[in-house]
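Summary of the model geometry
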Amino acid sequence: ENAVGHYRFHYDVNGLFENRLIPGVTELLRGVKNAGIPAYVVTSKSESTAIRIVEHFSLTPFFLRVYGSQPDGTLSAMRALIASVLKREALDPNEVLMIGDRHHDIDGGRIQGIPVVFVTWGFSWPHEYEGAQAVGQVDRDPVAPEQDQAQTLGRALRVHFQVIHQHLQHGGRGVPDRDLAGLH
């Protein structure tokens, strides 16, 4: 318990700013916004911490709202947080695509009927995708120089839009696996 408290204190003071943006992510988010696609941050981090991170990296203009867990521990499970966001924002799960880097994202989205694309450039462990029911996966190229990661992000965005398009073509009932060939 003391170790967890110490970690949270350090993270809230300094740790949250020890991150760095993946090269190209600002351009990616700008493209999403310019395309008129509403975007939200939905994270199991505390909402106040998530807001501070988004503000620190000047990403606030790209998101309609930042959602996270509450100080009393409510909404700390992704499935509950996603359900809350869907309700508060009056979003139809058939018209939403979630992008996640942890198995909790995939599971939480699936439980709420939202297709999830798993991205490996976040903080996931290599085994997290195994057995998960994501509709697609976009890998970060480990040998490409950082400045080339924007190309990977652009490819990821194209995959995300292909998945949304295919999902909606099937009336939101899910996308047959054969239709996702080549997206992984």
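Structural notes, computed from the coordinates. The model shown is predicted, which means the values in this text are computed figures rather than measured ones.

Looking at chain direction, strand 1 (residues 40–46) and strand 2 (residues 65–69) are connected through four bridges and run parallel. Its bridge partner lying in strand 2, Tyr 40 is registered against Arg 65.

The next subject is the packing of aromatic side chains. The description of two aromatic rings rests on the distance between their centres and on the angle between their planes. This model, assessed by the stated rule, comprises one aromatic pair. Judged by centre distance (6.3 Å) and plane angle (45 degrees), the ring pair of Tyr 40 and Tyr 67 falls under tilted. Placement of the pair is Tyr 40 in strand 1 and Tyr 67 in strand 2, with a sequence separation of 27 residues. By relative accessible area, which is 2% here, Tyr 67 ends up buried.

This part takes up the pattern of salt bridges. Summed over all chains, the structure comprises two salt bridges. When the shortest N-O distance is used, the salt bridge between Glu 47 and Arg 65 registers 3.4 Å. You can see Glu 47 sitting in helix 3 (residues 47–56) and its partner Arg 65 sitting in strand 2, a full 18 residues away along the chain. In this structure, the salt-bridge partner of Asp 107 is Arg 110, at a minimum N-O distance of 3.9 Å. Within this pair, Asp 107 and its partner Arg 110 are both found in helix 5 (residues 103–111), separated by three residues, close to a single helical turn.

Relative to the elements of secondary structure, Leu 64 occurs in the loop between helix 3 and strand 2. Among the residues examined, Leu 64 registers a relative accessible area of 59% and is labelled exposed. Residues Leu 64 and Tyr 40, spaced 24 residues apart in sequence, show a C-alpha to C-alpha distance of 5.7 Å. Excluding anything up to four places from it in sequence, Leu 64 contacts Pro 38, Ala 39 and Tyr 40.

Reading the values: rules and limits
Residues numbered from 1 in each chain as written. Predicted model: local features only at pLDDT ≥ 70, side-chain atom pairs only at ≥ 80, totals over all residues. Heavy atoms only, no water. Pairing = 2+ DSSP bridges. Helix = DSSP H or I, 4+ residues; strand = E, 2+ residues; numbered from the N terminus. Phe/Tyr/Trp six-rings, centres within 6.5 Å; stacked < 30°, edge-to-face > 60°. Buried < 20%, exposed > 50% of the residue type's maximum accessible area, 1.4 Å probe, protein only. Salt bridge = Lys/Arg side-chain N within 4 Å of Asp/Glu carboxyl O. Contact = heavy atoms within 4.5 Å.

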